[in-house]
Amino acid sequence: MNRRHFVATSTAAAAGVVLGRLPLGAQAPAAQAPPITTFNEIRRGVGYFTGQGGTIGYLVNADGAVAVDSQFMNTAELCVAGLKQLAPKGIAMLLNTHHHGDHTGGNMAFKPLVKRIVAHANCAKWQRTVAEQANTLAQQAIADVTYTDSWTESFGNERIEMRHYGPGHTSGDSVVTFQQANVIHLGDLMFNHAHPNIDRAAGARIDNWIVLLERVAKTASADTVFIAGHAMNQTPRMERAGVLAFRDYLTALLEAGRRAVASGQSKEELQKLPALKGFEDYVGPNPRINLPFVLGLSFDEASEKK
Ligand SMILES: [Zn+2]
């Protein structure tokens, strides 16, 4: 069962139960198969969890556990249960890389257990704004510790850093580095061989996204392991070369938009481009996000008045 279907059916079932709308004698919905989830350790207790939505990063050591992002409630609960088993001292903190629902939708599963939820100030702002617009504020757990440039903290034998490099996927993205393990969670600043969402409504910029990936790659060594927020038919575990390849994809995407604007092409004409040369194997993480979608956003950014 795919994620969209799962979310749709489970929401409908939950609404029916809560509102008492299930007709008398209605058959109970068939038991849902639990989503497939995995914990994958990289090193020194740092790893990633896959389920549905953005990749969750985690750290488990003698001081307990820290999680990076929370997917949706159904898999967040499985992640919480697994981390509690791995870390008898419990889950101390949740960090959010950005506000999107497939990264913060499970925050409520962590909220009763963690001492703090940490995120960039714009992540908290957008999570609140979007939830207010959608009338879902009651289902949100929003960061109670925010920062603007960087935030660091020691946790057992690990030092954790969150750093903001300016706008990219949104205007509130954090790069989360586990310094001793030498693992960097890039959130949705990194899609492995997939067209990205570019959330211009929340301040995304392709031009600075290119620059920031290069800056992050420069802080890394050949041994650094990166975690991607999404990976279609690929692993979210990446190396520096993969990060730079995604920078090259974004560069090609923005250049296509700039060329179209400079030559007087319309957005619709640009969106007919069959492929970005050298990146033909990129696919969308969901049906909405495909090549015409990202080309349209590139056109929009390229046609902005300076
Ligand atoms: Zn996102």
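This section reports on the structure supplied with the text. What you see is a predicted model, and the numbers here were worked out from it, not measured in a lab.

## Description of the overall build of the protein
Line of reasoning, step 1. Regarding its fold elements, the protein presents nine helices and 15 strands.
Line of reasoning, step 2. In the protein, buried positions account for 48% of the 306 residues.
Line of reasoning, step 3. A separation threshold of at least 6 residues defines the contact pool for the protein, and within that pool the share at least 24 residues apart is 65%.
Line of reasoning, step 4. For the protein, the accessible surface area stands at approximately 14,300 Å², while carbon and sulfur atoms represent 53% of it.

## Re the environment of Ala87
Line of reasoning, step 1. By the element assignment, Ala87 lies in the loop between helix H2 (73-86) and strand E5 (91-95).
Line of reasoning, step 2. A residue is classified by how much of its surface remains accessible, and Ala87, at 1% relative accessible area, is buried.
Line of reasoning, step 3. Sequence separation between Ala87 and Leu59 is 28 residues; the distance between their C-alpha atoms is 9.4 Å.
Line of reasoning, step 4. If we ignore the near neighbours within four places in the chain, the residues touching Ala87 are Val60, Gly64 and Ala65.

## Focus: the environment of His98
Line of reasoning, step 1. Looking at the secondary structure, you find His98 in the loop between E5 and helix H3 (101-104).
Line of reasoning, step 2. Ignoring anything within four residues of it in the chain, the contact list for His98 reads Asp69, His103, Thr104, Cys123, His169, Thr170, Gly172, Asp173 and Asp188.
Line of reasoning, step 3. Within the structure, His98 has its side chain in polar contact with the side chain of Thr97 (distance 2.9 Å).
Line of reasoning, step 4. For His98, the side chain forms a polar contact with the side chain of Asp188, separated by 3.2 Å.

## Examining the coordination of the zinc ion
Line of reasoning, step 1. Only His98 (NE2), His100 (ND1), His169 (NE2) and Asp188 (OD) from the protein coordinate the zinc ion, and they sit 2.2 Å from it.
Line of reasoning, step 2. On the primary sequence, the residues serving as donors to the zinc ion are separated as H-x1-H-x68-H-x18-D. Of this pair, His100 sits in the loop between E5 and H3 while His169 is found in the loop between strand E9 (158-163) and strand E10 (175-178), placing the two residues 69 residues apart along the sequence.

## So, unusual backbone geometry
Line of reasoning, step 1. A positive phi angle, close to 50 degrees, is found at Arg44, a residue other than glycine.
Line of reasoning, step 2. With respect to the helices and strands, the residue Arg44 is situated in the loop between strand E1 (38-43) and strand E2 (46-50).
Line of reasoning, step 3. Of note, the phi angle at Asn135 is positive, near 60 degrees, even though the residue is not glycine.
Line of reasoning, step 4. Within the secondary structure, Asn135 is located in the loop between helix H5 (121-134) and strand E7 (145-147).

## Here's the deal with the packing of aromatic side chains
Line of reasoning, step 1. Per the stated rule, a full pass over the model turns up eight aromatic pairs.
Line of reasoning, step 2. Centre to centre, the rings of Trp209 and Phe246 are 5.9 Å apart; their planes meet at 70 degrees, and the pair counts as edge-to-face. Here the residue Trp209 occupies a position in helix H6 (residues 206-219), and Phe246 occupies one in helix H7 (residues 240-262), the gap between them amounting to 37 residues.
Line of reasoning, step 3. Judged by relative accessible area, which is 0%, Trp209 ranks as buried.
Line of reasoning, step 4. Between Tyr249 and Tyr282 the ring centres are 4.5 Å apart and the planes differ by 10 degrees, which places this aromatic pair in the stacked class. One end of the pair, Tyr249, is in helix H7; the other, Tyr282, is in the loop between helix H8 (267-270) and helix H9 (291-302), and 33 residues separate them in sequence.

## Digging into the sheet that holds strand E3 (residues 56-61)
Line of reasoning, step 1. Strand order in this open sheet of seven strands is E1-E2-E3-E4-E5-E6-E7, and the pairing throughout is mixed. Only two strands of the sheet have a single neighbouring strand rather than two, namely E1 and E7. On average, each strand axis in the sheet is tilted by 20 degrees relative to the strand beside it, whichever way the strands run.
Line of reasoning, step 2. Inspection of the sheet shows E5 paired to strand E6 (residues 116-120) by three bridges, in the parallel sense. By the bridge assignment, Leu95 is partnered in E6 with Val118.

What counts and how
- Residues numbered from 1 in each chain as written.
- Predicted model: local features only at pLDDT ≥ 70, side-chain atom pairs only at ≥ 80, totals over all residues.
- Heavy atoms only, no water.
- Helix = DSSP H or I, 4+ residues; strand = E, 2+ residues; numbered from the N terminus.
- Buried < 20%, exposed > 50% of the residue type's maximum accessible area, 1.4 Å probe, protein only.
- Contact = heavy atoms within 4.5 Å.
- Areas by Shrake-Rupley, 256 points an atom, 1.4 Å probe, with all protein chains shown as cover.
- Polar contact = N/O pair within 3.5 Å; in protein donor to acceptor, adjacent residues only side chain to side chain.
- Donors = N, O, S within 2.8 Å, 3.2 Å for Na, K, Ca; no water.
- Phe/Tyr/Trp six-rings, centres within 6.5 Å; stacked < 30°, edge-to-face > 60°.
- Pairing = 2+ DSSP bridges.
- Axes fitted to C-alpha atoms, helices over the stretch in contact; angles between N-to-C directions.

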